[in-house]
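Overview (structure and organization)
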Amino acid sequence: MSTSNISSKSASAGLFAAMVASLCCITPVFSLLAGIGGIAATFSWMEPFRPYLIVLTIGILGFAWYQKLKPRTAEEVACACDENQKPSFWQSKKFLGLITAFAVSMLAFPSYSHIFYANEGNSSSSLVFEQDTTKTNKIILEIKGMTCAGCESHIEHEVGLLKGVKSVDAIYSDGSATVEYSPTDLEEKAIIEAINKTGYTVILNAKDQ
């Protein structure tokens, strides 16, 4: 197998690893855009493996670049001359560069996934609505399935659509969401149902059930 072929296949493998590494954070965005909230947390179980997949991606792409940039042996040069063929785009450095750039964007996806969620008029990570003087209740819910900032934004976006919600602050590192709402307009049960419909799961204590 030629060096170009090895490099191309390595690039493809690296891209695949990068996409798999980001599935846990890409899926919530796709589910929101497609209106299929229930699949949001489908790949949350992969989060513990993400660091290993990142290392694997970097290693594969590094190997691909090494194969592409290393000096060719006299035998390889002679072979290329005999074949008198120009490498195709799929075997070029430009293609490998595009693959690398896309893979990096996939690996970095969790850091900018929040831009896909509409938090108009809010500069903080939590979603805060116009305050009023009506009575509000505050609940803190334990949530299973959040793996990145995109998951936080997904939950904040969906809960924020409920009438009566004053503020939402989801924190994936704590696995929790704090919601302030008007008890005259909204029940706690509706908030829990809205979160569960996204694909994440609210963990209820026995006393709350």
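This text gives an overview of the structure that appears in the document. Every chain is numbered independently, its residues counted from 1 as its sequence is written. For this predicted model, a pLDDT threshold of at least 70 governs which residues receive local features, and a threshold of 80 or more governs which side-chain atom pairs are given and counted, while totals over whole chains, interfaces and linings are taken from all residues. Water and hydrogen atoms were dropped before computing side-chain values, which therefore reflect all heavy atoms in the structure.

Describing the overall build of the chain
Our working rule: Helix and strand definitions follow DSSP, with helices as H or I runs of at least four residues and strands as E runs of at least two, each counted in order from the N terminus. Here's how the labels work: a residue is buried when its accessible area is under 20% of the maximum for its type, exposed when over 50%, partly exposed in between, all with a 1.4 Å probe on protein chains only. The contact rule is simple, with two residues in contact once any of their heavy atoms fall within 4.5 Å.
Counting secondary structure elements, the chain contains eight helices and five strands. The N-to-C order of helical and strand elements in the chain reads α-α-α-α-α-α-β-β-α-β-β-α-β. By the burial criterion, 41% of the 209 residues in the chain qualify as buried. In the chain, the share of contacts with a sequence separation of at least 24, taken over all contacts with a separation of at least 6, comes to 74%.

Focus: the environment of Ile54
Among the structural elements, Ile54 can be located in helix H3 (residues 50–69). Ile54 sits in the partly exposed class, given a relative accessible area of 25%. The spatial distance from the C-alpha of Ile54 to the C-alpha of Met19 is 9.8 Å, given a sequence separation of 35 residues. When neighbours within four sequence positions are excluded, Ile54 is seen to be in contact with Ala21 and Leu107.

Overview of helix H7 (residues 149–160)
In plain terms, the rule: Each helix should span, by expectation, one fewer than its residue count multiplied by 1.5 Å.
Under the 1.5 Å per step criterion, the end-to-end length of H7 is 16 Å for 12 residues, consistent within 8% with the ideal 16 Å. When you tally the buried positions in H7, you get 10 out of 12 residues, the bulk of the element. Every buried residue of H7 is listed here: Gly150, Cys151, Glu152, Ser153, His154, Ile155, Glu156, His157, Val159 and Gly160.

Some points on the nonpolar core
A general tendency of soluble globular proteins is for nonpolar side chains to be buried together. Quick reminder of the rule: Take the buried residues of types Ala, Val, Leu, Ile, Met, Phe, Trp, Tyr and Cys, join any two whose side-chain atoms come within 4.5 Å, and each joined set is a nonpolar core.
Within the largest apolar cluster, 39 residues are counted, with the highest numbers of intra-cluster contacts made by Leu141, Ile143, Ile155, Val159, Val179, Ile191 and Ile195. A total of six residues in this core trace back to one element, the largest contributor, which is helix H5 (residues 93–107). If sequence neighbours within four positions are ignored, Val159 has contacts with Val165, Val168, Val179, Ile191 and Ile195.

Here we look at the pairing of strand S3 (residues 165–171)
What counts is decided by this rule: Pairing between two strands is assigned when DSSP locates at least 2 bridges connecting them.
Of all seven residues that make up S3, five are buried, and the element is covered over most of its length. Taken together, the six bridges between S3 and strand S4 (residues 176–181) define a ladder with antiparallel strand orientation. If you follow Val168 over to S4, its bridge partner there is Val179. Count of turn residues in the S3/S4 antiparallel hairpin: four residues, of which Gly175 carries a positive phi of about 65 degrees.

A word on H5
Heads up, the rule is: Comment: arc refers to directions from the helix axis out to C-beta atoms.
The end-to-end C-alpha distance of H5, which contains 15 residues, comes to 21 Å, matching closely the 21 Å that a straight helix rising 1.5 Å per residue would cover. Here H5 has its buried residues at Phe95, Leu96, Ile99, Thr100, Ala103, Met106 and Leu107. One face of H5 carries all of its buried residues, which in axial projection span an arc of 135 degrees. Looking at H5, the residues exposed on the side facing more than 90 degrees away from the buried face are Lys94 and Leu98.

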